[in-house]
Amino acid sequence: MFIQTEETPNPATLKFLPGRDVLQADTRDFRSPEEAASSPLAERIFAVDGVTGVFLGQDFITVTKDTAEWQHMKPAVLGAIMEHYLSGEPVLADAHEEEDGDEFFDNADSETVGMIKELIETRVRPAVANDGGDITFKGFKNGIVFLNMRGACAGCPSSTATLKHGIENLLRHFVPDVQEVRPV
C-alpha cells in the first residue's frame, strides 16, 4: 500500500491520500481521542503523540498536530493508516453520520439558500477538499451566510482570507442577497 502525502495551507495539518476510499459519503471531523471512539482509523491516528485532530474525507485523511515536527510524526501516522487498512476494520464503527446540528434560515429565503448551497457544493467544496478540508452551509440570516469549516480549514491562517476574499466574493457575485460570510 502506497500512501501519498500533501502539504495544506495550514502548516499544522498534513493531508494523507491512501489511494482508496476513506468515507463513502460526507466527512467526519474528530478534535479529540474521545470523539474518535466511533472510528477505529481515527483512534489509531490519535495514538500517535502530537496528533490534535483527524479529519476524514471521501478519499483523504488530514491530520493536525501540536508543536511536534512532521519529520518525526509522519512515519508514525503513515504506519497507523497502513495498519488500519491491513486490519480490515471499518473506518467507522457506527453507521451513524455525524450531526452538525440544524441549519437555520427563514423559509422565505429558501430559494436564496438553495443557490448558496449549490455554489458551495459545486464550486467551493471541491477546492477546499483539495486543501484537505471541508466547508458546509450552516445558515443564512440578514444577508449573512454562516459556514462551518472543518479539517485543514479549521484554524488555518489563510481561512479568513479564503472566506472573505474568495467565498464571500463568489457568493455576492451570484447571489445579490448575500452581504457577508462568517464562520461558525
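About the thresholds
Within every chain, residues take consecutive numbers counted from 1 along the sequence as written. Per-residue local features of the predicted model are confined to residues with pLDDT of at least 70, and side-chain atom pairs are confined, for both listing and counting, to 80 or more; whole-chain, interface and lining totals are unaffected and use all residues. The basis for every side-chain value is the complete set of heavy atoms in the structure, and neither hydrogens nor water enter the calculation. Summary of the burial criterion: residues with accessible area below 20% of their type's maximum are buried, those above 50% are exposed, and those between are partly exposed, where the area comes from a 1.4 Å probe applied to protein chains only. The way it works is that DSSP assigns letters per residue, a run of H or I at least four long becomes a helix, a run of E at least two long becomes a strand, and they are numbered from the N terminus. Paired strands, as defined in this entry, are two strands with at least two bridges between them according to DSSP. Here the axes come from fitting lines to C-alpha atoms, over the contacting stretch only for helices, and the angles between their N-to-C directions go from 0 to 180 degrees. Throughout, a residue-residue contact means that at least one pair of heavy atoms, one from each residue, lies within 4.5 Å. Take the buried residues of types Ala, Val, Leu, Ile, Met, Phe, Trp, Tyr and Cys, join any two whose side-chain atoms come within 4.5 Å, and each joined set is a nonpolar core.

Draft legend 1. Structural view of the pairing of strand β5 (residues 61-65). Summarising burial for β5: 5 of the 5 residues are buried, a large majority. Neither face of β5 is left uncovered, since the one carrying I61, V63 and K65 and the one carrying T62 and T64 both have all their residues buried. Relative to β5, strand β2 (residues 13-17) runs antiparallel, the two sharing 4 bridges. Within the sheet, the bridge partner assigned to K15 lies in β5 and is T62. Note that strand β4 (residues 51-56) and β5 share 5 bridges and pair antiparallel.

Draft legend 2. Representation of the sheet that holds β2. Spatial strand order, β1-β2-β5-β4-β3: 5 strands in an open sheet with antiparallel pairing. Two strands close off the open sheet at either side, each with one partner strand: β1 (4-7) and β3 (28-30). The average angle at which neighbouring strand axes cross in this sheet is 20°, direction not considered. Where β1 meets β2, 4 bridges bridge the pair, whose relative direction is antiparallel. Bridging from a neighbouring strand, E7 pairs with L14 of β2. Across the sheet, helix α2 (residues 70-87) lies against β1, β2, β4 and β5, angled at about 35° from β2, the strand it touches most.

Draft legend 3. Fine view of the nonpolar core. Counting residues in each nonpolar core, the largest one holds 25 residues, and the members touching the most others are L41, I45, V51, L56, I61 and I81. If you list the elements that add at least two residues to this core, you get β2, α1 (40-46), β4, β5 and α2. Beyond its immediate chain neighbours, meaning those up to four positions away, I45 contacts V51, V54, I61, V63, V77, A80 and I81. Within the second largest apolar cluster, 20 residues are counted, among which are L119, I120, L147 and L170.

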